[in-house]
Amino acid sequence: MLNIVLFGPPGAGKGTQSEKLIDKYQLVHLSTGDILRGEIAAGTALGLEAKKLMDAGSLVPDEVVIGMISSKLDQNKGAKGFIFDGFPRTAAQAESLDKMLKDKNTSITKMLALEVNNDELTKRLLIRGKNSGRADDQNEEIIRNRINEYNNKTAPLKNYYSAQGKFQSIQGIGTVDEIFESLCKNIDAGKQIA
Ligand code: ADP
């Protein structure tokens, strides 16, 4: 299986690149942000609870997102592989993901981290806020909180995957196609070794 963690701060382009990667490699896209927004749209209890945290730019509790990913893995038993987008975001999530995959006799192939500086991120998110209407993209204070959450809780996961020899940094500034090409080069290089 090909199991990729697509990593990077809010606004790094994970969603855009995931769409292209799932097409090319026929993977299942698991975005915890999309799943949570689906719960909000459906008006579920989980969605209502998550919305408050998401609108403030804070993370939702680990057990909630871990449970969501676990059921998605069970629902996609025949998959060729997965792109994890926006998950894991904490050490507890990364450890749970490793356990869940191990139970299925598979593991993370690689973590590809899109690198984009803070000024560019804020600019992109404010533009997305105007176009998408996402509440958490609307003001700079919420965006700052999301970037802080990322720096404090999520960025340290680079070390977690580095220690497993799976971390790869990717330049996240350039055209969508240029970035896609560097991601693919990396994935294909790994395949030749495996
Ligand atoms: P972003 O563009 O900020 O990367 P996402 O769509 O991935 O946005 O996530 C939006 C919000 O959903 C996050 O700010 C957070 O509140 C919540 N969320 C998504 N994934 C997770 C996760 N793995 N753990 C905790 N909270 C999450």
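Refer to the structure printed above.
One numbering rule holds for all chains: residues counted from 1, following each sequence as written. With pLDDT at 70 or above as the cut-off, local features in this predicted model cover only qualifying residues; side-chain atom pairs require 80 or more to be listed or tallied, and sums for whole chains, interfaces and linings still use all residues. The basis for every side-chain value is the complete set of heavy atoms in the structure, and neither hydrogens nor water enter the calculation.

**Considering the site of the ligand**
No. 1: A molecule or strand has a residue near it when one of that residue's heavy atoms lies within 4 Å. The local shell around the ligand holds 19 residues, among which Thr32, Arg37, Ser58, Arg128 and Arg146 are the closest.
No. 2: Residues adjacent in sequence count toward polar contacts only when both atoms are side-chain atoms; beyond that, a polar contact is any pair of N or O atoms within 3.5 Å, and within protein one must be able to donate a hydrogen and the other to accept it. Lys14 places a side-chain nitrogen or oxygen 3.2 Å from an oxygen atom of the ligand.
No. 3: In this structure, an oxygen atom belonging to the ligand sits 2.8 Å away from a side-chain N or O atom of Arg146.
No. 4: Working definition of accessibility: Shrake-Rupley area with a 1.4 Å probe, residue cover restricted to the visible protein chains. Computed on the free molecule, the ligand has an accessible area of 550 Å², of which 96% lies beneath the protein chains in the complex.
No. 5: Just so you know the grouping, Ala, Val, Leu, Ile, Met, Phe, Trp, Tyr, Cys and Pro go in nonpolar, Asp, Glu, Lys and Arg go in charged, and all remaining residues, Gly too, go in polar. Looking at side-chain class alone, the shell around the ligand contains 7 nonpolar, 5 polar and 7 charged residues.

**Quick notes on the packing of aromatic side chains**
A ring pair, where both rings are aromatic, is described by two values, the distance of the centres and the angle of the planes.
No. 1: A pair of aromatic rings is counted whenever rings of Phe, Tyr or Trp (Trp by its six-membered ring) have centres within 6.5 Å, and the orientation is called stacked for planes under 30 degrees apart, edge-to-face for over 60 and tilted otherwise. Taken as a whole and judged by the stated rule, the model has 3 aromatic pairs.
No. 2: Ring centres of Phe82 and Phe84 lie 5.9 Å apart, and the angle between their planes is 35°; this geometry places the pair in the tilted category.
No. 3: Measuring from ring centre to ring centre gives 5.2 Å for Tyr160 and Tyr161, while their planes differ by 75°; the resulting arrangement is edge-to-face.
No. 4: Accessible area is worked out with a 1.4 Å probe on protein chains only. A residue is then buried under 20% of its type maximum, exposed over 50%, and partly exposed in between. Taking the relative accessible area as the measure of exposure, Tyr160 reaches 22% and is therefore partly exposed.
No. 5: In this scheme, the term charge over a ring applies when either NZ of a lysine or CZ of an arginine sits within 6 Å of the ring centre and within 35 degrees of the ring normal. Seen from the ring of Phe180, Lys20 lies directly overhead, with NZ or CZ sitting 4.9 Å from the centre.

**Observations regarding the packing of helix α2 (residues 32-41) against helix α4 (residues 62-75)**
No. 1: Axes here refer to lines fitted to C-alpha atoms; in helices the fit is confined to the stretch in contact. Angles between the N-to-C directions go from 0 to 180 degrees. Each helix corresponds to a stretch of at least 4 residues labelled H or I by DSSP, and each strand to a stretch of at least 2 residues labelled E; elements are numbered beginning at the N terminus. Two numbers describe how α2 lies on α4: the axes approach to 11 Å, and their chain directions differ by 100°. What the angle tells us is that α2 and α4 run roughly perpendicular. Across from Thr32, Ile35 and Leu36 in α2, the residues of α4 making contact are Val65, Met68, Ile69 and Lys72.
No. 2: A breakdown of the residues in the contact of α2 with α4 according to their chemical character gives 5 nonpolar, 1 polar and 1 charged. Each angle is binned into one of four classes, with values under 35 degrees roughly parallel, values over 145 roughly antiparallel, values of 65 to 115 roughly perpendicular, and all other values oblique. Contact criterion: two residues are considered in contact whenever any of their non-hydrogen atoms come within 4.5 Å of each other.

**Some words on helix α6 (residues 118-132)**
No. 1: Residue count minus one, scaled by 1.5 Å, sets the expected span of a helix. With 15 residues, α6 should reach 21 Å at 1.5 Å per residue; the first-to-last C-alpha distance of 20 Å fits that figure.
No. 2: Where α6 is buried, its residues touch α7 (140-154).
No. 3: Gly133 occupies a position one or two residues after α6 and carries a positive phi of about 75°.

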